[in-house]
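Fold and contact review
One-letter residues, chain by chain:
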Amino acid sequence: MPMLSSGAEGVAPDHENDFTLLSDIFPTGYHGAELAEVSPGHTVVVFGGQCPGKKYNRYLRDLIIAGRAEPSLIVSHEVGLDEAPDAYEKFDKRVDGYTKVLPHP
């Protein structure tokens, strides 16, 4: 399997956006759900905070590879670096349709 150099080990290019979120909101949300003892099928809202991401990265990576998790579903906009400041401003202001922005070089 081809490997990418990132915060997660063993990431496949066909899941690039999903693995990008392993260094962002995915482990935070999972950590919050675990602490709140939320079971599958329930909804949870996580407001900020940090989590021990390395504790979850391999497990969450394996869920992505197995097709059991697709955190990139929340990505609304993929933009070039030149468009990123405007896109993040819209995201920060909660402009309709801006749920998550991923910049690409």
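Please read these numbers as outputs of a predicted model, since none were measured by experiment.

A few words on the pairing of strand 2 (residues 101-104). Judged from the four bridges that link them, strand 1 (residues 77-80) and strand 2 form a sheet pairing that is parallel. Bridge pairing in strand 2 places Val79 opposite Pro103. The β-α-β motif built from strand 1, the intervening helix 4 (residues 84-92) and the parallel element strand 2 has right-handed crossover chirality.

Under the 1.5 Å per step criterion, the end-to-end length of helix 3 (residues 53-65) is 18 Å for 13 residues, consistent within 8% with the ideal 18 Å. If you look at helix 3, its biggest bend is around 25 degrees, right at Tyr59. Buried within helix 3 we find Gly53, Tyr56, Asn57, Leu60, Arg61, Leu63 and Ile64. Looking at the buried residues of helix 3, the elements they touch are helix 1 (16-20) and helix 2 (25-35). Trailing helix 3 by a residue or two, Gly67 shows a phi angle of about 80 degrees, which is positive.

For the rest of this paragraph, the subject is the confidence of the model for the protein chain. Reading predicted coordinates in detail is not appropriate for stretches of low pLDDT. Per-residue pLDDT for the protein chain has a mean of 85; in total, 89% of the residues score no lower than 70. At the low end of the mean pLDDT range in the protein chain sits helix 2, at 87; at the high end sits helix 4, at 97. Ignoring residues within four places in sequence, the model shows residues 1-8, a span with pLDDT below 50, making 15 contacts including any to other chains.

Time to look at the pattern of salt bridges. Under the counting rule described, the total for this entry stands at five salt bridges. Across the salt bridge formed by Glu34 and Lys55, the nearest N and O atoms sit 3.6 Å from each other. Within this pair, whereas Glu34 is found in helix 2, its partner Lys55 is found in helix 3, the two being separated by 21 residues in sequence. Judged by relative accessible area, which is 55%, Lys55 ranks as exposed.

Turning to the environment of Gly48, a few remarks are in order. Inspection of the secondary structure assignment puts Gly48 in the loop between helix 2 and helix 3. C-alpha of Gly48 to C-alpha of Gly29: the two residues are 19 residues apart in sequence and 9.2 Å apart in space.

Another aspect to go through is the environment of Asp14. Tracing the chain through its elements places Asp14 in the segment before helix 1. Linking Asp14 and Ile65, residues 51 residues apart in sequence, is a C-alpha distance of 9.6 Å.

Basis of the calculations
Residues numbered from 1 in each chain as written. Predicted model: local features only at pLDDT ≥ 70, side-chain atom pairs only at ≥ 80, totals over all residues. Heavy atoms only, no water. Pairing = 2+ DSSP bridges. Helix = DSSP H or I, 4+ residues; strand = E, 2+ residues; numbered from the N terminus. Right-handed = clockwise from strand over helix to strand, strands pointing away. Expected span 1.5 Å × (residues − 1). Bend = angle between axes of the 7 residues up to and from the residue. Buried < 20%, exposed > 50% of the residue type's maximum accessible area, 1.4 Å probe, protein only. Contact = heavy atoms within 4.5 Å. pLDDT = per-residue confidence, 0-100. Salt bridge = Lys/Arg side-chain N within 4 Å of Asp/Glu carboxyl O.

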